[in-house]
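Working through the structure, step by step
Here are the chains, one letter per residue:
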Amino acid sequence: MRRGTIPGSSGRVRPMRLLGDPGLGAPCEEVTDFGAELSALIEDMFATMYAASGVGLAANQIGVPLRVFVYDCPDDEDRRHLGHLVNPRLVAAEGITVRGPEGCLSVPGIEAGTPRFDEAVVEGFTADGAPARVRGTGFFARCLQHECDHLEGGLYLDHVTGLRRRRALRAVRRAPWATAGPSGA
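Residues numbered from 1 in each chain as written. Predicted model: local features only at pLDDT ≥ 70, side-chain atom pairs only at ≥ 80, totals over all residues. Heavy atoms only, no water.

**Notes on the pairing of strand β2 (residues 68-74)**
For β2, the buried fraction is high: 6 of the 7 residues fall into the buried class. The pairing of strand β1 (residues 56-58) with β2 spans 3 bridges and is antiparallel. Residue Leu57 lies in a different strand from β2, and its bridge partner there is Val70. Judged from the 7 bridges that link them, β2 and strand β3 (residues 80-104) form a sheet pairing that is antiparallel. From the neighbouring strand, Cys73 faces β3, where its bridge partner is His81. Connecting β2 to the next strand, β3, in antiparallel fashion are 5 residues, including Asp78 with a positive phi near 65 degrees. (Buried < 20%, exposed > 50% of the residue type's maximum accessible area, 1.4 Å probe, protein only. Helix = DSSP H or I, 4+ residues; strand = E, 2+ residues; numbered from the N terminus. Pairing = 2+ DSSP bridges.)

What follows is the structure in structure tokens.
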């Protein structure tokens, strides 16, 4: 039997920031207050991520410039990884580089073959300030690297080059949600 609440069940869905929003291109600030507001933010982030059918979400994607991300992501063996990290730092990205399809909730409907390391380790804290270390492989490693990029003001499109990049940016220009264009890409 499951114990505890389902992440996001008490949160509210917040509007998603899309490519072109200046908040997506700026590095996020460290969290200094590990109180009730942070817990509420994390709940809202889970609710928003689930509503958008995502596997990860960084706080700046909902307009909050803090170093926080949530995830509910499988690895390549289909093991589920569920959690959050506050003030995360990518401390290792290694192994082979794999080019795989990658998308983003802030660039809806557009995927591109993006190179990522097959292993990643991220260190940070939980919502109550306890140290946390998360190790991922395969698709989950891709997710961890993707979310850490967001907190530094980056997007997956920053890793895409050549024809793949040109095709992705053309798709962005044609997307019905595109307002400011791919200025941050």
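Once you've had a look at it, read on.
**Notes on the layout of surface pockets**
Each pocket or cavity is described by its volume, and for the largest pocket that value is around 280 Å³. Forming the walls of the largest pocket are 16 residues, and the residues nearest its centre are Val55, Gly103, Cys104, Phe139 and His146. Where the lining of the largest pocket is concerned, the elements lending two or more residues are β3 and α2 (138-151). A per-element tally of the lining of the largest pocket places α2 first, with 5 residues. (1 Å grid on protein atoms, 1.4 Å probe; cavity = no way out; pocket = protein on both sides within 12 Å on 5 of 7 lines; lining within 4 Å. Points joined across faces, edges and corners; volume = space filled by probe spheres on them.)

**A short note on the sheet that holds β2**
Read from one edge to the other, the open sheet built from 5 strands follows the order β1-β2-β3-β4-β5, with strand pairing classed as antiparallel. If you trace the sheet from one side to the other, it starts and ends with β1 and β5 (131-137), each paired once. Adjacent strand axes in the sheet meet at a mean angle of 40 degrees when their direction is disregarded. Of the pairings in the sheet, the one linking β3 to strand β4 (residues 107-125) comprises 13 bridges and is antiparallel in character. Pairing of Ala93 across the sheet is with Ala120, part of β4. Running at roughly 40 degrees to β2, helix α1 (residues 36-51) makes contact with β1, β2 and β3 of the sheet. Each of β1, β2, β3, β4 and β5 touches α2; the most contacted strand, β4, lies at about 90 degrees to it. (Axes fitted to C-alpha atoms, helices over the stretch in contact; angles between N-to-C directions. Contact = heavy atoms within 4.5 Å.)

**Quick look at the packing of aromatic side chains**
Across all of its chains, the model carries 4 aromatic pairs by this definition. Geometrically, the ring pair formed by Phe69 and Tyr71 is tilted, given 6.1 Å between the ring centres and 55 degrees between the ring planes. The class for Phe69 is buried, based on a relative accessible area of 0%. Tyr71 sits in the buried class, given a relative accessible area of 5%. Three or more aromatic residues joined by ring pairs make a cluster, and in this case those are Phe69, Tyr71 and Phe140. (Phe/Tyr/Trp six-rings, centres within 6.5 Å; stacked < 30°, edge-to-face > 60°.)

**Quick look at the pairing of β5**
Side-chain direction in a regular strand flips from residue to residue, so the side chains alternate between the two faces of the sheet. Going residue by residue along β5, you find Ala132, Val134 and Gly136 tucked away on one face and Pro131, Arg133, Arg135 and Thr137 left uncovered on the opposite face. Strand direction decides the pairing type here: β4 and β5, joined by 7 bridges, are antiparallel. Following the sheet pairing, Gly124 is matched in β5 by Ala132. Connecting the antiparallel pair β4 and β5 is a turn made up of 5 residues, with Gly129 showing a positive phi of about 90 degrees.

Nothing here speaks to function; it is all geometry.
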